[in-house]
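Observations on the model geometry
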Amino acid sequence: MTALTDTPTWQTLASLAEDVKQQHMRDWFASDTSRASKYQQTACGIELDFSKNLITDDVLKALFALADESQVSQKRDAMFKGDIINHTEKRAVLHTALRNFSGEPVYVDGQDVMPEVLACQDKIKNFVASIHSGERKGYTGKALKQIVSIGIGGSFLGPKIMSEALKPYWFDGVKVHFVANVDGCHIQDVLASLDHEETLVVMSSKSFTTQETLQNTLTAKDWFLNAGGTQQDIAKHFIAVSSNIKAATDFGMAEDNIFPMWDWVGGRYSLWSAIGLPIALTLGYDNYRQLLEGAFEMDEHFKAAPAEQNLPMLTALLGVWYINFFGAQSHVLLPYYHYLRGFPAYVQQLDMESNGKNISGDTTAVDYATGPIIWGSEGTNGQHSFHQLIHQGTLLIPADFMLPLNVPKQDNTHHAMLASNCFGQTQALMQGKTFDECYADLEGKGLDEAERVKLATHKTMPGNKPSNTLLFEQMDPKTLGSLVAMYEHKVFVQGAIWGVNSFDQWGVELGKELGNQVLDKIVNTDAALSFDSSTNALIARFRQANS
Ligand SMILES: O=P(O)(O)OC[C@H]1O[C@](O)(CO)[C@@H](O)[C@@H]1O
């Protein structure tokens, strides 16, 4: 047993879970009409209904004790203060400084980083204005109307998904295209429709060493040069966001056109930095600023609200409850809003890259589950496919349903149907349908007794499946900022309880390293193959097919 699983609180939770497994949420709702109002909290434009969870007051009390004993608040304060909490990379974790509008300084190694952060925000503001006004032009004097944003991981998901989510707020007149994958099909398709004279490439890479991003930028550069641009014109059409200024200037970018990044901002938390420039280009600076302000508001809520009202804390603890005491291995995100369809993929990187870890503290192997598989897609589409497994499968899959109450420029009939499906699903998951109800429904359907019993058995829905429902007045930039920050802090709280380092990603780094070693053998076709026999055979087959 580890220190965590050995605690009386952990043991209490384990025994409460056994107790709760014998009960049914539909009975709780029937016996307590105030359950919905009791288990709901609102903050930063997010209304969280968590009443359809397998919880009682005793469970919540024990979960809050677990958070207390795991020193979540102390760890949270250490993060906001700039302590070196990413202990394997010896870095502070300060994405919160990028949206700090308190006027207070934030120190890294004794130096206030806020002047640099604010200067960067000004630079973004001026740059966006110069593009939107058409004042900044390409080498032939044309306005830069097509933006190609190249980056991967956090340098792609945040900018793309947040831009997509805010489509009703887009600035008319520029179009931002996103490219991430090294698969050449993508960049080829994007560039094929563009006029190089009016194209601006934004290369987003904190390290400026990521294979996919470098290669895609080189391909874009070749395309630009082949279309008539010269090496000198590169500075007008290529800009970078990076902490590696030297590599960017070596590439041909003007130093003035490089937006800074800092090693105290993790890739998956970087949309708040200049990595968010494509968002600002898509929406205009004021809307982009609202996004940051929403995140700041959630930061303040996370720091100040008591655990019982604290959205990141509540959602995190509910997750721990299912992962560690009910064996849940995944968590599904279901945005009932087409523009938010990419959100599950965003949280997938945020959560799985952060808490996909098995060492707690310095060197202790965990003996409990940590980060879950995050997945999901937009409603109602999923209802006609994977929801079946959530309703009647053998796995317990807690769900977060999300719905904006108002949507711009849409026929109300569609929105009412969307909402009814969202609420209907949470209801069905919670209450299920008993054998007796199914049996009664089959009355007069011309079935003999054996058929009626058989069909009723198959139609029986266990229910008791947990879900949160998150409602928003509307999905505007500020609310989206708060929502993203809520999930960031949720992940933080869970990492703090499990004692893992949520801010490194050694597994991903190994993949990058091995990929490069293999590439070397693929490109140097005469090189001897010294990997395992399977990898050797795959490389040999590839070489043969491409010879
Ligand atoms: O911005 P960079 O340095 O190109 O890194 C891209 C991504 O690579 C990762 O390190 C791992 O994929 C992410 O965390 C990061 O967002």
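Residues numbered from 1 in each chain as written. Predicted model: local features only at pLDDT ≥ 70, side-chain atom pairs only at ≥ 80, totals over all residues. Heavy atoms only, no water.

Considering the overall build of the chain
Note the following rule: Comment: elements are numbered from the N terminus, with helices defined as DSSP H or I runs of at least four residues and strands as E runs of at least two. Exposure is judged per residue with a 1.4 Å probe applied to protein chains only, and the accessible area is read against the type maximum: over 50% gives exposed, under 20% gives buried, and values in between give partly exposed. In what follows, residue pairs with any heavy atoms lying within 4.5 Å of each other are defined as contacts. For this count, His and the chain ends are skipped, Lys and Arg are scored as positive, and Asp and Glu as negative. For this purpose, a charge sits on NZ of Lys, CZ of Arg, CG of Asp or CD of Glu.
The helix and strand tally for the chain stands at 22 helices and 15 strands. Once the C-alpha set of the chain is aligned to its principal axes, its extents read approximately 80 × 60 × 60 Å. Looking at the chain residue by residue over its 547 residues, the buried ones come to 52%. Counting only contacts in the chain whose residues sit at least 6 apart along the sequence, the fraction spanning at least 24 positions is 74%. Taken as two groups, the 43 positive and 63 negative side-chain charges of the chain have centres that lie 4 Å from each other.

Some details on the pairing of strand S2 (residues 46–49)
Sheet faces and side chains relate simply in a regular strand, where the side chains alternate between the two faces. To keep it simple, the criterion reads: Here the rule is simple: two strands pair whenever DSSP picks up at least two bridges between them.
Taking every second residue as pointing to the same face, the buried face of S2 carries Ile46 and Leu48, while none of Glu47 and Asp49 on the other face is buried. Adjacent in sequence and paired antiparallel, strand S1 (residues 40–43) and S2 are bridged by two residues, among which Cys44 carries a positive phi angle near 50°. In this sheet, strand S15 (residues 467–474) lies alongside S2 in antiparallel orientation, the contact comprising four bridges. Across the sheet, the residue bridging to Ile46 is Phe472, located in S15.

Overview of the environment of Glu255
With respect to the helices, strands and loops of the structure, Glu255 is situated in the loop between helix H11 (245–251) and strand S9 (258–260). Along the chain, Glu255 and Ala235 lie 20 residues apart, while their C-alpha atoms are 9.0 Å from each other. Apart from residues no more than four positions distant in its own chain, Glu255 is found in contact with Lys123, Ile245 and Thr249.

Regarding the packing of helix H4 (residues 57–69) against helix H14 (residues 311–325)
As a reminder of what qualifies: Here an axis means a line fitted to C-alpha atoms, over the contact stretch when the element is a helix, while the angle between two N-to-C directions is reported on a 0 to 180 degree scale. Here the word oblique covers every angle except those under 35 degrees (roughly parallel), over 145 (roughly antiparallel) and from 65 to 115 (roughly perpendicular). Under this grouping Gly is polar, as are all residues other than the nonpolar Ala, Val, Leu, Ile, Met, Phe, Trp, Tyr, Cys and Pro and the charged Asp, Glu, Lys and Arg.
Closest axis-to-axis distance for the H4/H14 pair is 10 Å, and the angle between their directions is 100°. When the axis of H4 is compared with that of H14, the two are roughly perpendicular. On H14, the residues touching Val59, Leu63, Phe64, Leu66 and Ala67 of H4 are Met313, Leu314, Leu317, Val320 and Trp321. Taken together, the residues of the contact of H4 with H14 sort by class into 10 nonpolar, no polar and no charged.

Overview of the side chain of Thr282
The condition is simple: Two N or O atoms count as a polar contact when they lie within 3.5 Å, although within protein this holds only if one can serve as hydrogen donor and the other as acceptor, and sequence-adjacent residues are included solely when both atoms are side-chain atoms.
In this fold, Thr282 is placed in helix H12 (residues 277–283). Since its relative accessible area comes to 6%, Thr282 is described here as buried. Of the polar contacts made by the side chain of Thr282, one reaches the backbone oxygen of Pro278; its length is 2.6 Å. Excluding anything up to four places from it in sequence, Thr282 contacts Ser163, Tyr169, Trp170, Phe171 and Val176.

Quick look at the side chain of Gln383
Within the fold, Gln383 resides in the loop between strand S13 (373–376) and helix H16 (387–392). Exposure remark for Gln383: the relative accessible area of 18% places this residue in the buried category. Here Asn421 takes part through its side chain, which lies 2.9 Å from a polar atom of the side chain of Gln383. Sequence-distant contacts of Gln383, that is, excluding residues within four places in its chain, are made with Tyr336, Asn421, Cys422 and Gln425.

Details of the site of the ligand
Note the cut-off: Consider each residue's heavy atoms; a residue with any of them within 4 Å of a molecule or strand counts as near. Areas reported here follow the Shrake-Rupley algorithm with a probe of radius 1.4 Å; residue values treat only the protein chains shown as occluding.
Taken together, the neighbourhood of the ligand is formed by 13 residues, with Gly154, Ser155, Ser205, Ser207 and Thr210 sitting nearest. One of the backbone nitrogen or oxygen atoms of Lys206 is found 2.8 Å away from an oxygen atom of the ligand. For the ligand, an oxygen atom lies 2.5 Å from a polar atom in the side chain of Thr210. Isolated, the ligand exposes 390 Å² of accessible area, and the fraction of that covered by the protein chains is 89%. Here the shell around the ligand is built from residues that sort into two nonpolar, eight polar and three charged.

Observations regarding the sheet that holds strand S5 (residues 146–150)
Taken in spatial order, the five strands of this open sheet run S6-S5-S7-S8-S9, and their pairing is parallel. Each edge of the sheet is formed by a strand with only one pairing partner; in this case those strands are strand S6 (175–179) and S9. Between one strand axis and the next, the sheet turns by 20° as a mean value, whatever way the strands run. As paired elements, S5 and strand S7 (residues 199–204) share five bridges and run parallel to each other. Looking at S7, one finds that Val148 is bridged to Val201. Contacting S5, S7, strand S8 (238–242) and S9, helix H6 (residues 114–132) crosses the sheet at an angle of about 150° to S9.

Notes on the UniProt feature "active site" (unreviewed entry) in the chain
Quick note on the threshold: UniProt positions are given in the numbering used here, feature names are shortened, and annotations may be inferred rather than shown by experiment.
UniProt tags Glu353, His384 and Lys512 as "active site" (unreviewed entry). The largest pairwise C-alpha distance within this set of annotated residues, which runs over 160 residues, is 36.9 Å, so the set is dispersed in three dimensions. Mapped onto the elements of the fold, Glu353 is located in helix H15 (residues 343–355). Discounting residues that sit within four places of it in the chain, Glu353 has contacts with Arg268, Gln348, Asp504, Gln505 and Val508. Within the structure, the side chain of Glu353 is placed 3.1 Å from the side chain of Arg268, a separation counted as a polar contact. Position of Lys512 among the secondary structure elements: in helix H21 (residues 506–523).

Some points on the packing of helix H1 (residues 8–20) against H4
The condition that has to hold: Left-handed describes a crossing whose near helix is turned anticlockwise from the far helix through less than a right angle; right-handed describes the clockwise counterpart.
At a minimum axis separation of 10 Å, H1 and H4 run at an interaxial angle of 155°. Relative to H4, the element H1 lies roughly antiparallel. The hand of the H1/H4 crossing is left-handed. Across the interface between the two elements, Thr9, Trp10, Thr12, Leu13, Leu16 and Val20 of H1 pack against Asp58, Val59, Ala62, Leu63, Ala65, Leu66 and Glu69 of H4. Its residues placed into classes, the contact of H1 with H4 shows nine nonpolar, two polar and two charged.

As for the sheet that holds S13
Judged by pairing direction, the sheet is mixed, and its six strands sit side by side in the order S1-S2-S15-S14-S10-S13 without closing on themselves. At either end of the open sheet lies a strand with only one pairing partner, and these are S1 and S13. Sheet twist, expressed as the average angle between the axes of neighbouring strands with direction ignored, equals 20°. Helix-sheet contacts for H14 involve S1, S2 and S15, and the interaxial angle to S2 is about 30°. Each of strand S10 (330–335), S13 and strand S14 (399–406) touches H15; the most contacted strand, S13, lies at about 175° to it.

Some details on the pairing of S7
In terms of burial, S7 is largely enclosed, as six of its six residues are buried. Residues of S7 alternate between two faces, with Thr199, Val201 and Met203 on one and Leu200, Val202 and Ser204 on the opposite face, all of them buried. Taken together, the four bridges between S7 and S8 define a ladder with parallel strand orientation. Note that in S8 the partner of Val202 across the bridge is Ile239.

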